[in-house]
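Inside the fold
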Amino acid sequence: MGPTPCPTMGGSGRETDGAPIGGGSTRKEGGGMPTWKPSRLRSWLFSGSGWIFNSDGDAFELSLDRGRRVVKGPLILIHSLECKPRHNFSTTVECHFHIIGTGWVVGEGLGEDKAEELQQFVREEVTGSLAHYGSRAIKILDPWQRQVDQRLEAVNEVDPALLEQLKATIPSPAAIGLPTWGALLDHPALAKERKKKNSFYPTLDQTPEAYLEGVDERRRRAVFTKSLAAWAQRQTAWVGEQGWIGRRRRRARLADDAPPVLQGVQWIDATPPSYHPTAEAWLVRLVDAHNAAFEARQMEAKRSFFERVESNPLTEEQAEAVVCMDDELLVVAAAGSGKSSTIVAKAGYALEEGLCAPEDILLLAFNADAAEELRQRIAKRLGHLDGADRIAAKTFHAFGLEVIGAATGKMPTPAPWLSNGKDEAFIGHLVDELCAENPTFAAQWDLFRLLYFKDVGRWDAREEPEDYDPESQRKRGFRTLRGEIVKSKSERLIADWLFLHGVNYRYEEPYPHDTRTATKRQYRPDFYYPDIDVFHEHFALNAKGEAPPAFKDYLEGVHWKRQLHREQGTRLFETTAHGLRTGAALAALKDLFQSRGIDLVFDPDRVPPDNDPVSPQAIAKVMRVFQQHMKGSRQSVEQARERIDTLPGAFVPRMELFLDLYEAVAQRWEDRLAADGLVDFDDMLNQSADHIIAGRFPCSVKMVLADEFQDTSRARMRLLQAIVDASGAQFTAVGDDWQSIYRFAGADLAIMSGFQQAHPHAAVRHLSQTFRCPQSLCDLTSEFVSKNPMQLVKKVFTSNSLKGPRVSVVALPTIEDIPGRLKANIQSLYEKLPESTNGKPLRSMLILGRYRNDRPRELEAWRQRFGDKIDLKFLTVHRAKGLEADFVALLNVVQDTLGFPSQVQDDPILQLAMPEPETFEFGEERRLFYVALTRAKRSVVVYTTQHQPSQFLVELQADHGVEIVRTEGEPAEPCPVCGQGVLVERVNRTTKEIFYSCSRFPRCPPTKED
């Protein structure tokens, strides 16, 4: 329905210049909008589905829901009108009215032409209404604004009371017939109308309320800007009066003198860019600049102290680490870079600067030897400082005992079985007790010892054989309890389970039906059980039935075997790698025999005494390491059980059985401690931390320095954190994660490597200069050890000016030949040295071994013979850490179970006790090898065998050109197959022919014949 004249809606209306009063209408050609403006005595009407809009050009009425709802008022209240189809196929449109005081109102069912007319009508008539109300508003608002501006100009500062007075003078919009001033002044069409000539609108471009709010905003911003400047000036003055400012002091300052706030406005919007993004960030920058300038001043002012505090002047890096007093400081050191010197110098600096009393300084060391060395250094280097003898340098355990004694009034007694390897023997003793008392435990122990102690490894990787059949010399694999060689660790586990349960089985016996072809040999099933006439295949398949990607065409072989058994009518029983790891495979195998009327009985006595696969002490060692990590991280057995499902490829039955055994042994251990009133090492740490956290021990130290931080356990870190949190002490941790080699004692590499993640505000300093190794040795060892991505990245440079290669490798026919060659080398060096003039040796040599039994039997004789010129010492690599010598001789670096690297890898079970287990292969062994090489100030000679050189030596040869030189002078040829061994001559027992194979045989197969 088109626009139609209708009765007036009433109201005051407005004059219609040039338009007939109450007359007819004159339309545009084509039925468009009227060219005249309707008087208040007439109105125009538009109607849709259930709604009617009519207006006289001044007011409007919108009737909705067939008259049940009516919206009306001055036409100027309509701030926008949008008409659009409801969907692509609609023949009518929806009209969306935006009405001040009402919001959006929608009317449907208006034709497109009529909608266009309605929009044009509203657009033109609202424009007229704006001019009408603008001319009336100007007479009211302009005088009001002039009065307000005069009041504001008469005062220096606008206070809230004045603003309230001005708000009370705002004229009412009802004076011009509007509900709000926003209906006019906020109208979207007003800005365009103001630009037209001869337009009459108020000077205000916003409502009076908004105008006064702007005044208030400017007032508040002026006050804020003045307060901000004063605050910044106070902080700058305070910072300038301080020495080094740590994070806690900075935050305390921010709390004591909080920055100003502009109410309702974000800091980033209220302040200049130089203060962004936060007040704290601004203060951080100010403090950081101050600390940097303070450090530079101190480096110069304390230069004489830095030059005399140690036997050699401190390096710039050492001095910077000494001056830095951030709340948490991590000093990442290199081997031989002066870690202990830095710690002692920092304690002396704190005393000399009056930062704290000597009683408030606590130095904590990993072991008693390190603590004693620190005490001696303090006495020697800081003796001139008053009170230096009162600086405490202790082991973590000694400090823990003191805390427990002070907190409880009763000094605890350490268990007598904790030192010199007695702890592992005591675990074995507890196991013997439990086995004697509890038949169930004894059966579980035997099951784990005989069957589950050896892990089955990864299911998706080719396994390196551990043994071979001497008759064929080419059948390589894994030896079972029955003495045969099988192809995989999983097959060995199944074969050993069958053997221990008395099952009659045959391994890889030819299938009774001929399957040979021109390209395939006779099929041999993994197992055959003649008593029940069942064949058994164990497949390397995961839970989804998928084979490892590296096993080419493996699934085709699986399908072929299944089809073959179907065609021949033979019974095939299957197990998978996934089923073996979950425990389902062996359970199903047991059900198979029981379903055929065969009851299986586990009998450990079936194993001959001379074929025992593992010693009880080997299990006790794993259990003790596990216990230290469990107690250190304060994990319960239940928490460890819950972690089993989170470990990819976990061998569930093995881990569950181990936890059952461990739980009983650990409980017996705790019972024995409680009964005798004793504590173990972890108790000393955990209980002391608990007492400090609970406030039962007054912790008043102001500086804590932790030496050898790379060897920190979870329990040690918890104690350190308790001390720092309780006292607010400055905490400095000094360590070299490349030398983290005490995981067996509970050390956790992740504590140091993850220190910055755990303490994101900690400062980090580096000690990159070593005083020990020549640069070529630094470069070689750094590249070698840093392959582990879990370790921190660092660069090492040296003050040692020696040039040229510093590592040589000598390969002898057998390991028994090594002492003789070592003796010859010592004698050669001895003969080159002049006579000693002061009765002291001219050179030093560390003879190092991976194990204690690597010690040469003739060592004492060598000392007697060569000791006047050469100071000779034998140590294990672990014991040599922290020491140095001119020369290093590293013995018996061979590839063997007890070689270097040790093949007794970290048991996957340990992952249950370690929050962040290390997964890099031989990670700790690699670091141990690095420790061995970096003891040398001049050169290193590594001794190996021609047939079993360590994979570490093969890697040095491949990556760094360090040749493995045989005694005849001929360098060894690397194995072209595995790259981890070298080629050696062998003799075929049958043909007597000479052939070459890898030194890692049987792990690597024969490669070429002569």
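Please read all numbers here as calculations on a predicted model, not as lab measurements.

**Some details on the packing of aromatic side chains**
Under the counting rule described, the total for this entry stands at 43 aromatic pairs. Aromatic side chains Trp231 and Trp267 sit 6.5 Å apart centroid to centroid with 75 degrees between the ring planes, which places their arrangement in the edge-to-face category. Taken together, the residues span a long stretch of sequence, with Trp231 in helix 5 (residues 208–240) and Trp267 in helix 7 (residues 267–270) at a distance of 36 residues. Taking 6.4 Å as the distance between ring centres and 15 degrees as the angle between the ring planes, the aromatic pair formed by Phe441 and Trp445 counts as stacked. Taken together, the residues Phe441 and Trp445, both in helix 15 (residues 439–452) and 4 residues apart, mark about one turn of the helix. What makes Trp445 buried here is its relative accessible area of 5%.

**A few points about the nonpolar core**
The biggest cluster of nonpolar side chains holds 76 residues, and the ones touching the most others in it are Phe448, Leu498, Tyr529, Leu589, Phe626 and Phe658. At 11 residues, helix 22 (residues 652–676) tops the list of elements feeding residues into this core. Counting residues in hydrophobic clusters, the runner-up holds 49 residues, among them Leu62, Ile99, Leu162 and Tyr211.

**Here's the deal with the sheet that holds strand 21 (residues 730–735)**
A sheet is described by the order of its strands in space; here 6 strands give the open sequence 10-9-20-21-8-22, paired in parallel fashion. Looking at which strands have only one partner, the edges of the open sheet turn out to be strand 10 (392–395) and strand 22 (763–767). Strand-to-strand, the axes of this sheet are offset by a mean angle of 20 degrees, without reference to chain direction. Taken together, the 5 bridges between strand 8 (residues 328–333) and strand 21 define a ladder with parallel strand orientation. In the sheet register, Leu330 faces strand 21, and the bridge partner there is Ala733.

**Some thoughts on the packing of helix 14 (residues 422–437) against helix 15**
It is the contact of helix 14 with helix 15, at a shortest axis distance of 5 Å, that shows an interaxial angle of 125 degrees. Classified by the interaxial angle, the pair formed by helix 14 and helix 15 is oblique. In the packing of helix 14 onto helix 15, the handedness of the crossing is left-handed. Counted together, Val431, Leu434, Cys435 and Glu437 of helix 14 and Pro439, Phe441, Ala442 and Trp445 of helix 15 form the full contact between these two elements. Classifying every residue of the contact of helix 14 with helix 15 gives 7 nonpolar, no polar and 1 charged.

**Quick word on the pattern of salt bridges**
Opposite charge on two side chains permits pairing when their charged atoms draw close. As enumerated under the stated definition, the model contains 65 salt bridges in all. The salt bridge involving Glu924 is made with Arg927; its shortest N-O contact spans 3.4 Å. With Glu924 and Arg927 both in helix 31 (residues 923–933) and 3 residues apart, this pair spans about one turn of that helix. The pair formed by Glu924 and Arg927 is uniform in burial state, with each residue classed as buried. Overlapping salt bridges, with partners in common, bring together Asp216, Glu217, Arg219, Arg220 and Arg221 in one network.

Rules behind the numbers
- Residues numbered from 1 in each chain as written.
- Predicted model: local features only at pLDDT ≥ 70, side-chain atom pairs only at ≥ 80, totals over all residues.
- Heavy atoms only, no water.
- Phe/Tyr/Trp six-rings, centres within 6.5 Å; stacked < 30°, edge-to-face > 60°.
- Helix = DSSP H or I, 4+ residues; strand = E, 2+ residues; numbered from the N terminus.
- Buried < 20%, exposed > 50% of the residue type's maximum accessible area, 1.4 Å probe, protein only.
- Core = buried A, V, L, I, M, F, W, Y, C linked by side-chain atoms within 4.5 Å.
- Pairing = 2+ DSSP bridges.
- Axes fitted to C-alpha atoms, helices over the stretch in contact; angles between N-to-C directions.
- Parallel < 35°, antiparallel > 145°, perpendicular 65-115°, else oblique.
- Left-handed = near helix turned anticlockwise from the far one by under 90°.
- Contact = heavy atoms within 4.5 Å.
- Nonpolar A, V, L, I, M, F, W, Y, C, P; charged D, E, K, R; others polar.
- Salt bridge = Lys/Arg side-chain N within 4 Å of Asp/Glu carboxyl O.

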